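Geometric and topological summary
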Amino acid sequence: MVKEVRVGVLGATGTVGQRFIVLLSAHPYFKIHALGASSRSAGQTYTKAVRWKQSVPIPLGVRELVVKECKAEEFAECQVVFSGLDSDVAGTIESAFRAAELAVFSNAGNYRRDPACPLIVPLVNPSHFDIIPYQRSLHSPPLQKGFIVTNANCSTTGLSIPLKALEDAFGPLELVMVTTMQAISGAGYPGVSSLDILDNVVPLIGGEEEKMEWELSKILGGISPDSTSFDLHASSPLTISAACNRVPVLDGHLECASVRFLRKDKPSVEAVKEALRNFTCEAQTIGCPSAPEQAIFVHEEPDRPQPRLDRYFQNGAGVSVGRVRECPVMDIKFVVLVNNVSIGAATSSIINAEYAVAKGIVA
């Protein structure tokens, strides 16, 4: 049994921070020890500082916690720090926490392209944790405990899981085309104006397409034999084209993908479905408590998955895939649903931390 692990949450009053708190309040061994937010909130109890937007009440264990400024010395007793900070402030703060020998699991995008920071979807590429010793060695003096791990953009996360299953079963992919229909919660709070999103679809999410097209190669690629760099899928370059749209759905990103394999004999639809159903990951096999029982649930109904019906299956920790069929332009096409506020955000960071604890990366 894992002993109690003290954790902190940065950006605790924001929507991602609130989601961290909901998930952590029921965790078997992560115990919330400190909450951090802006100087405007610091010094207040959490109940007074937060504008709570979750569908459950504020957990009892944090209501009277006094919010601290996001300074490393305020979190010195924490073994793990989860960051739900906005990207405009996350970079400097997370770097300072790492330098103070704290293990930082970030939902922000600041370090996703850092060549020494792993970009980890916990159901896909936990082997990228192997670069942590090298990341620590780059500091002077070398760090003993501090590091930063990032999780991916929410839409990238959802697509990477079935793509990983397909590459494991049938070899490298060559081309991926994806069109996303992304929920408004992905824009944070207050998010998209009602005049923009009601009775409408917005065919632009700033920077989202570029994130998907770059992040997938880092996630699906390997790590060098000496664990000092990522190969970005270089042995079989992967071309990705993404078109991202904001739709009037609260939670749950739906993505329509077509893929082409490098191999010339494309797999059958039934073989693809079987590969997706049978896909398992190390986070499941080593018993990470937040990992889903089934990483990919394959729907046989012709009109599933749907955000309203399927986004909280398995607490939103896995993905749902449906409409698997032949593609007349590529090889195979399918629909994937990802809960953008769960496995697409806070749940990924939490499973990453569970994995790090299980592997002794976090003492």
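Residues numbered from 1 in each chain as written. Predicted model: local features only at pLDDT ≥ 70, side-chain atom pairs only at ≥ 80, totals over all residues. Heavy atoms only, no water.

On to the overall build of the chain. What the chain contains, in helices and strands, is 12 helices and 12 strands. At 20 Å, the chain has a C-alpha radius of gyration in line with the 21 Å of a compact globule built from 363 residues. With respect to the three principal axes, the spread of C-alpha positions in the chain is 60 × 50 × 40 Å. Counting only contacts in the chain whose residues sit at least 6 apart along the sequence, the fraction spanning at least 24 positions is 75%. Of the charged side chains in the chain, 33 are positive and 38 negative; the average position of the first set lies 4 Å away from that of the second. (Helix = DSSP H or I, 4+ residues; strand = E, 2+ residues; numbered from the N terminus. Rg over C-alpha atoms; globule rule 2.2 N^0.38 Å. Contact = heavy atoms within 4.5 Å. Lys, Arg positive; Asp, Glu negative; His and termini not counted. Charge placed at Lys NZ, Arg CZ, Asp CG, Glu CD.)

It is at 10 Å that the axes of helix 1 (residues 15–24) and helix 12 (residues 342–358) come closest, and there the two elements cross at 55°. The angle between helix 1 and helix 12 falls in the class oblique. Handedness of the helix 1/helix 12 crossing: right-handed. Together, Arg19, Phe20, Leu23 and Leu24 of helix 1 and Ser342, Ala346, Thr347, Ser349 and Ile350 of helix 12 make up the contact between the two elements. Residue classes in the contact of helix 1 with helix 12 are distributed as five nonpolar, three polar and one charged. (Axes fitted to C-alpha atoms, helices over the stretch in contact; angles between N-to-C directions. Parallel < 35°, antiparallel > 145°, perpendicular 65-115°, else oblique. Left-handed = near helix turned anticlockwise from the far one by under 90°. Nonpolar A, V, L, I, M, F, W, Y, C, P; charged D, E, K, R; others polar.)

All right, on to helix 12 then. End to end, helix 12 covers just 21 Å across 17 residues, shorter than the expected 24 Å (1.5 Å per residue, more than 12% under). Residue Ser348 marks the point of greatest curvature in helix 12, where the axis turns by about 45°. Buried residues dominate helix 12, accounting for 16 of its 17 residues. Downstream of helix 12 by one or two residues, Gly360 has phi in the positive range, about 80°. (Expected span 1.5 Å × (residues − 1). Bend = angle between axes of the 7 residues up to and from the residue. Buried < 20%, exposed > 50% of the residue type's maximum accessible area, 1.4 Å probe, protein only.)

Glancing now at the sheet that holds strand 3 (residues 68–69). What links the strands of a sheet is backbone hydrogen bonding, and the strands pair in either a parallel or an antiparallel sense. If you walk across this open sheet you meet the six strands as 3-2-1-4-5-6, and the pairing is parallel. Only two strands of the sheet have a single partner each, and these edge strands are strand 3 and strand 6 (147–150). Examined bridge by bridge, strand 2 (residues 30–37) and strand 3 share two bridges and lie parallel to one another. By the bridge assignment, Ala37 is partnered in strand 3 with Glu69. (Pairing = 2+ DSSP bridges.)

Moving on to the pairing of strand 1 (residues 5–10). The buried count for strand 1 comes to five of six residues, which makes it a mostly enclosed element. Where strand 1 lies against strand 2, six bridges are found, and the strand directions are parallel. Paired with Val5 across the two strands is Phe30, which belongs to strand 2. With helix 1 bridging strand 1 and the parallel strand 2, this β-α-β connection has right-handed handedness. Judged from the four bridges that link them, strand 1 and strand 4 (residues 80–83) form a sheet pairing that is parallel. Within strand 4, the residue paired with Leu10 across the bridge is Ser83. (Right-handed = clockwise from strand over helix to strand, strands pointing away.)

Before going further, it helps to examine the sheet that holds strand 7 (residues 173–182). The six strands lie next to each other as 8-7-9-12-11-10, forming an open sheet whose pairing is mixed. The open sheet is flanked by strand 8 (239–246) and strand 10 (296–298), the only strands paired with a single partner. Going from strand to strand, the sheet's axes swing by 20° on average, the running direction of each strand aside. Alignment of strand 11 (residues 319–326) against strand 12 (residues 332–338), held across six bridges, turns out to be antiparallel. Each bridged residue has a counterpart across the sheet, and for Gly322 the counterpart in strand 12 is Val335. Packed onto the sheet, helix 8 (residues 208–220) meets strand 7, strand 8 and strand 9 (253–261) and runs at close to 145° relative to strand 8.

Turning next to the nonpolar core. Of all hydrophobic cores here, the largest spans 83 residues; its most connected members are Phe30, Tyr46, Phe82, Phe105, Leu159, Ile296 and Phe334. The dominant element in this core, judged by the number of residues it contributes, is helix 12, at eight residues. What Phe30 contacts, discounting residues up to four positions off in sequence, is Val5, Val7, Leu24, Phe82, Ile350, Ala353, Glu354 and Val357. Core analysis: the second largest hydrophobic core is formed by 17 residues, Ala34, Phe75, Ala90 and Ile93 among them. (Core = buried A, V, L, I, M, F, W, Y, C linked by side-chain atoms within 4.5 Å.)

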